[in-house]
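Observations on the three-dimensional arrangement
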Amino acid sequence: MKLLVTGGAGFIGSAVVRHALAQGHAVVNVDALTYASCLSNLAKVATLPSYVFEHADIRDDAAMARIFAEHAPDAVLHLAAESHVDRSIDSPGVFIDTNVRGTYTLLQAARAYWQDQGSPETFRFHHVSTDEVFGSLGAEGLFTETTPYAPNSPYSASKAASDHLVRAWGETFGLPVLISNCSNNYGPYHFPEKLIPVVILSALADKPIPVYGAGANVRDWLYVEDHAEALLTVLTKGVAGRSYNIGGNAEARNIDLVHQVCTLLDELRPKERSYAELITFVEDRPGHDARYAIDTRRIQKELGWQPSVTLEEGLRRTVTWYLDNPAWWQALQNRDGIGKRLGRR
Ligand code: NAD
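Note that the structure is a prediction, hence the values are computed from the model and not measured.

Here is what the cut-offs are and how they apply
Residues numbered from 1 in each chain as written. Predicted model: local features only at pLDDT ≥ 70, side-chain atom pairs only at ≥ 80, totals over all residues. Heavy atoms only, no water. Near = heavy atom within 4 Å. Polar contact = N/O pair within 3.5 Å; in protein donor to acceptor, adjacent residues only side chain to side chain. Areas by Shrake-Rupley, 256 points an atom, 1.4 Å probe, with all protein chains shown as cover. Helix = DSSP H or I, 4+ residues; strand = E, 2+ residues; numbered from the N terminus. Nonpolar A, V, L, I, M, F, W, Y, C, P; charged D, E, K, R; others polar. Salt bridge = Lys/Arg side-chain N within 4 Å of Asp/Glu carboxyl O. Buried < 20%, exposed > 50% of the residue type's maximum accessible area, 1.4 Å probe, protein only. Contact = heavy atoms within 4.5 Å.

1. Brief notes about the site of the ligand
- Within the structure, the ligand sits among 30 residues, and I12, D31, S83, Y155 and K159 are positioned closest to it.
- Between an oxygen atom of the ligand and a main-chain N or O atom of I12, the distance comes to 2.7 Å.
- Between the ligand and D57 there is a distance of 2.9 Å, counted from a nitrogen atom to a side-chain nitrogen or oxygen.
- Protein contact buries 97% of the 840 Å² of open area that the ligand shows by itself.
- Secondary-structure elements contributing two or more residues to the shell around the ligand are α1 (11-22), β5 (124-130), α5 (154-173) and β7 (184-186).
- Considered class by class, the residues forming the shell around the ligand number 14 nonpolar, 12 polar and four charged.

2. Examining the environment of Q117
- Within the secondary structure, Q117 sits in the loop between α4 (92-116) and β5.
- Separated by 45 residues in sequence, Q117 and A72 place their C-alpha atoms 9.1 Å apart.

3. Side note on the pattern of salt bridges
- Within the structure shown, the criterion is met by 18 salt bridges.
- The salt bridge involving R59 is made with D97; its shortest N-O contact spans 3.0 Å. Residue R59 is found in the loop between β3 (51-55) and α2 (61-71), and its partner D97 is found in helix α4; the two are separated by 38 residues along the sequence.
- Among the residues examined, D97 registers a relative accessible area of 25% and is labelled partly exposed.
- Between R291 and E251 there is a salt bridge, with the nearest N and O atoms lying 2.9 Å from each other. Here the residue R291 occupies a position in the loop between β12 (279-282) and α9 (297-303), and E251 occupies one in strand β11 (residues 251-253), the gap between them amounting to 40 residues.
- Exposure remark for R291: the relative accessible area of 8% places this residue in the buried category.
- Under the relative-accessibility criterion, E251 is labelled partly exposed at 39%.
- Each of the salt bridges in this network shares a partner with another, and the network as a whole consists of D57, R59, D97 and R101.

4. So, the environment of R316
- Relative to the elements of secondary structure, R316 occurs in helix α10 (residues 311-324).
- Between the alpha carbons of R316 and H259 there is a distance of 13 Å; along the sequence they are 57 residues apart.
- Every residue in contact with R316, bar those within four places of it in the chain, is listed here: L264, E267 and L268.

What follows is the structure, encoded as structure tokens:
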């Protein structure tokens, strides 16, 4: 297939692009190259004849119309978004603009192109979303595909809104849409503002490792390469109009996860004292969701996908990758906001 991937220069998008090319698909990567992008994530595939990069903004309707007409994709994998909850607390406007208006603009361009093609049933518009749209769980229970939406941050509210738009374009215009809602990803090329790279890079710099609140918040973690595989599975086997929850079946409290990373660093880059001594509890994030957990039975039973990497193994691979690739993260240290505490009320 020829896939139009948006946000392919980001963390998950670049994993999807690498994975899709390896599976033999052609990829058109549409990315506006915001602060969170990193084209070097694609250095190994950038010269392949089956790969094209389009530097464009999903909010630009003329650019989107041109790209659809010029490349004639068989499917869209839409990942472009503002993705950092803390930044959504400081600057919600750009989240609404990119995630809501951007998704609307992309949907309109996709719909016009699809109708021009004679509305093929085989076309797919797959929106890549988050489990955060479902809000926060108590100690028990799991998010299913029918859990009511209850987003708590400007980020998750903007993703919930974009999910609703995608659903409506499917119901009203017949566009063959898919939505997937995934838990926290981690792995190589994770941008240095997110929890796991913050822990690794703070530890290596001998700086305090910040943990929000008491570190009691629980997240489900999925290795990014497993997410890329899941997304291509949903795209190629999923039923249009349906949504699929994706997760790693690997819940952990933040504080326990941070200790796991410190223990790996103690083993792989030993120092006189344990890195865990750098752990420092800081003011909590406003509206911090207590727990996310995913019921993955639908994607497992209907599409035959399940995660292949355990949290223990994925963390080992991730820590090893950061230790082996300092040039990648050192080049990002002067990006706007890196190393600063963001997202206070
Ligand atoms: P990211 O922030 O690493 O990458 C986002 C990419 O989108 C960047 O390359 C950026 O340049 C691009 N982009 C932003 N605004 C754009 C615009 N207006 N036009 C074109 N490109 C634009 O994000 P990520 O962590 O890779 O997440 C990708 C998607 O997956 C997002 O939609 C996010 O909501 C979703 N998601 C993320 C996670 C996670 O744990 N990171 C979990 C579930 C779902």
